[in-house]
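Reading the structure
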Amino acid sequence: MSLTNSTWVIDENENRANKLVASLCFIGEHAKVATATDVQESALHHVETVFLGALTGHDHETLIKSQPETPFILIGETLRPLLSLANVIGILAEPFAYAPTTELLRDCQEYKRHLPNLTNSKNEKRFDGLIGATSEIEHIRFLIQQVAKTNANVLILGESGTGKEVVARNIHLLSNRNSGPFIPVNCGAIPGDLLESELFGHEKGAFTGAISTRKGRFEMAQGGTLFLDEIGDMPSQMQVKLLRVLQERVYERVGGGKPIKADVRIIAATHRNLETMIEEDAFREDLYYRLNVFPIENPSLRERKNDVPLLLQELIKRNVAVGGANVKFTERALDSLKEHGWPGNVRELSNLVERMQIMFPEKVVDVSDLPKKYQHIDVEEYIPEYPEEILERQALNDIFSEGFGEFEENDSDAFDTPLDTSQPAVLPAEGIELKSYLAELEVCLIEQALERNENVVARAAEVLGVRRTTLVEKMKKYNLNN
Ligand SMILES: Nc1ncnc2c1ncn2[C@@H]1O[C@H](COP(=O)(O)OP(=O)(O)OP(=O)(O)O)[C@@H](O)[C@H]1O
């Protein structure tokens with residue numbers, strides 16, 4: 001329960017009011033007796049809960065409605081009809097027992113915590129790059145806010161690409177160390193024998209190659225936050241050394257004897273299961289408990305798939321800001337993306353967005369434009385139908401610009417059919433009906449292409465040198481069912 005925010009008891013049944021204040025104080029609440037006039041005259045931002053009992057000269061309903069951001073608890077059954085008001089959380093009757101009192105106080109806290117204007121606007125602005133509106137990400141924001149104010153070590157768990165570093169940066173940003181540095185170290189990317197000097201620094205000549213004295217990441221993070229990413233990949237001899245620093249808060253540079261005081265907040269992260277690693281003797285249990293003071297479990301993207309559209313929008317915006325092209329997604333393309341499993345989480349989504357921005361600049365992306373593995377819903381593909389004259393012009397172009405010459409040279413059997421079209425270049429003396437002649441020729445070539453390619457339209461389109469959708473149109477036009 002809150003110790004800083006206060007709880008007010010407004011009840012003209014003085015005896016009952018005093019009993020309630022006493023029992024609230026007993027459970028650690030800062031409770032005091034107040035009056036209806038106090039409510040009318042204050043903004044009540046600092047008031048967590050108001051207990052409301054008997055009143056004379058004031059209307060209960062008007063009073064409750066005048067403070068919509070404040071949760072009220074009614075005292076005594078006679079006020080039950082007021083339960084229908086949204087900010088009335090419940091009724092408490094004498095004797096004021098521990099269980100119902102604490103439950104109601106907790107509900108009031110929740111009412112305040114989820115107040116739309118607090119969670120969505122004021123707080124959001126203070127978070128940097130942590131996008132999402134689902135309850136899963138709201139919970140992460142809540143944990144960040146709670147732990148940021150303290151100096152506790154934090155362990156961020158979660159699959160790769162879920163934004164563990166984003167969370168760590170936000171803890172730093174909201175902490176009172178935010179004027180100090182945020183120093184990340186990827187423990188998995190630095191070879192074991194270099195990690196010690198990387199973390200603690202070294203004195204000149206401490207080892208071959210130590211040509212000058214160098215500060216380590218701990219020293220660089222002094223007064224700020226050290227983010228130990230991929231802590232599960234830290235070699236065991238380094239785990240011992242890190243544990244010592246966490247316990248004693250001092251360390252020495254490699255090759256140096258002078259102890260340096262560590263004023264550093266530690267945030268560690270891993271995608272590994274440290275408890276299993278402990279069982280396998282791959283991670284020290286004592287270090288685990290030192291680091292795991294406050295665990296934060298980042299949800300995977302598939303656990304918060306309703307955030308996909310919002311994230312997508314944000315990732316597009318970020319790329320546009322650095323010169324990328326804009327791109328839009330149809331509603332059903334978004335639905336399809338929501339069905340994806342996202343093993344690479346937000347990082348995978350970010351890569352997909354970049355790919356789509358390159359492939360479809362300033363266009364709208366539909367399900368069929370997505371790479372195959374992201375197509376999770378069946379949609380009927382739109383095949384445009386064009387006016388007759390355009391199709392005829394295209395047919396003529398196809399035939400005269402690329403068609404015949406090559407066909408004759410490369411495949412002398414191509415026109416070995418009963419149709420007159422086997423000698424297309426020779427104009428009979430009596431002339432021809434060009435339109436139907438060309439149509440027959442087209443049908444003949446399409447049929448051959450389909451036959452040679454076991455009726456696979458995509459392959460037939462390839463040998464005819466047209467797009468698959470064009471061939472499908474022509475087959476529809478000539479009523480050719482394969
Ligand atoms: N909630 C989020 N909102 C916006 N961007 C996010 C979010 N989560 C992750 N990202 C983006 O996804 C990418 C991966 O995030 P980050 O590096 O923090 O993940 P990680 O969990 O630390 O990954 P790894 O375990 O591989 O180190 C970054 O570009 C980051 O900006």
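Cut-offs and rules
- Position labels on residues start from 1 in each chain and follow its written sequence.
- In view of the model being predicted, local features appear only for residues whose pLDDT reaches at least 70, and side-chain atom pairs are presented and counted only at 80 or more, with totals across whole chains, interfaces and linings using the full set of residues.
- Note that water and hydrogens are dropped before the side-chain values are worked out from all heavy atoms of the structure.
- Strands are labelled as partners when DSSP assigns at least two bridges between them.
- Numbering of helices and strands runs from the N terminus, with a helix taken as a DSSP run of H or I at least four residues long and a strand as a DSSP run of E at least two residues long.
- Lines fitted to the C-alpha atoms define the axes, with helices restricted to the stretch that makes contact. Angles between their N-to-C directions range from 0 to 180 degrees.
- Contacts are assigned to residue pairs that have any heavy atoms within 4.5 Å of one another.
- Here a helix's expected span is defined as the number of its residues, less one, multiplied by 1.5 Å.
- Each residue is placed in one exposure class: buried if its accessible area under a 1.4 Å probe, protein chains only, is under 20% of its type's maximum, exposed if it is over 50%, and partly exposed if it falls in between.
- Whether a residue is near a molecule or strand is decided by its heavy atoms; if any one of them lies within 4 Å of it, the residue is near.
- Pairing of N or O atoms within 3.5 Å defines a polar contact, subject to two protein rules: one partner must be a possible hydrogen donor and the other a possible acceptor, and residues neighboring in sequence count only if both atoms are side-chain atoms.
- The protein chains shown are the only cover counted for residues, whose accessible areas, like all others here, come from Shrake-Rupley with a 1.4 Å probe.
- Each residue is assigned to one class: nonpolar for Ala, Val, Leu, Ile, Met, Phe, Trp, Tyr, Cys and Pro, charged for Asp, Glu, Lys and Arg, and polar for all the others, Gly among them.
- Reported domain spans reflect what an automatic or database domain assignment gives.

1. Quick look at the sheet that holds strand β7 (residues 182-186)
Across the sheet, which stays open at both edges, the five strands sit in the order β7-β10-β13-β6-β14 with parallel pairing between neighbours. Looking along the sheet, the strands with just one partner apiece sit at the ends: β7 and β14 (294-297). Going across the sheet, the axis of each strand differs from the next one's by a mean of 20 degrees, ignoring polarity. Bridge count for β7 against strand β10 (residues 225-229) is five bridges, and the pairing is parallel. Bridge pairing in β10 places Pro184 opposite Phe227. Those strands touched by helix α7 (residues 164-174) are β6 (154-157), β7, β10, β13 (265-270) and β14, and its axis lies near 155 degrees from that of β7.

2. Looking at the sheet that holds strand β5 (residues 88-92)
Here we have five strands laid out as an open sheet, ordered β2-β1-β3-β4-β5, and parallel in their pairing. Single-partner strands in this sheet number two, and they are β2 (30-33) and β5. Within the sheet, the average angular offset between the axes of one strand and its neighbour, ignoring direction, is 25 degrees. Sheet topology places strand β1 (residues 6-10) next to β2; four bridges connect them, and they run parallel. From the neighbouring strand, Thr7 faces β2, where its bridge partner is Ala31.

3. Thoughts on the environment of Glu385
Secondary-structure assignment places Glu385 in the loop between β16 (364-365) and α16 (388-410). For Glu385 and Lys474, which are 89 residues apart along the polypeptide, the C-alpha to C-alpha distance reads 9.9 Å.

4. Re helix α17 (residues 434-452)
Taking 1.5 Å of rise per residue, the 19 residues of α17 would be expected to cover 27 Å, and the 27 Å separating its terminal C-alpha atoms lies within 8% of that figure. Burial in α17 covers these residues: Tyr437, Leu438, Leu441, Glu442, Val443, Cys444, Leu445, Ile446, Gln448, Ala449 and Leu450. Positive phi shows up at Glu454, right after α17, with a value of about 45 degrees.

5. Section: the site of the ligand
For the ligand, the set of nearby residues contains 18 residues, the closest of which are Ile131, Ser160, Gly161, Lys164 and Arg347. Within the side chain of Asp229, one N or O atom sits 3.5 Å away from an oxygen atom of the ligand. In the complex, the protein chains occlude 84% of the 640 Å² of accessible area that the ligand would expose alone. Elements with a minimum of two residues in the shell around the ligand: α7, α13 (308-321) and α15 (345-359). Of the residues forming the shell around the ligand, the biggest block, three residues, is contributed by α7. Partitioned by chemical class, the residues of the shell around the ligand number five nonpolar, five polar and eight charged. Counting the residues that make up the shell around the ligand, at least three belong to each of domain 2 (135-297) and domain 3 (304-374).

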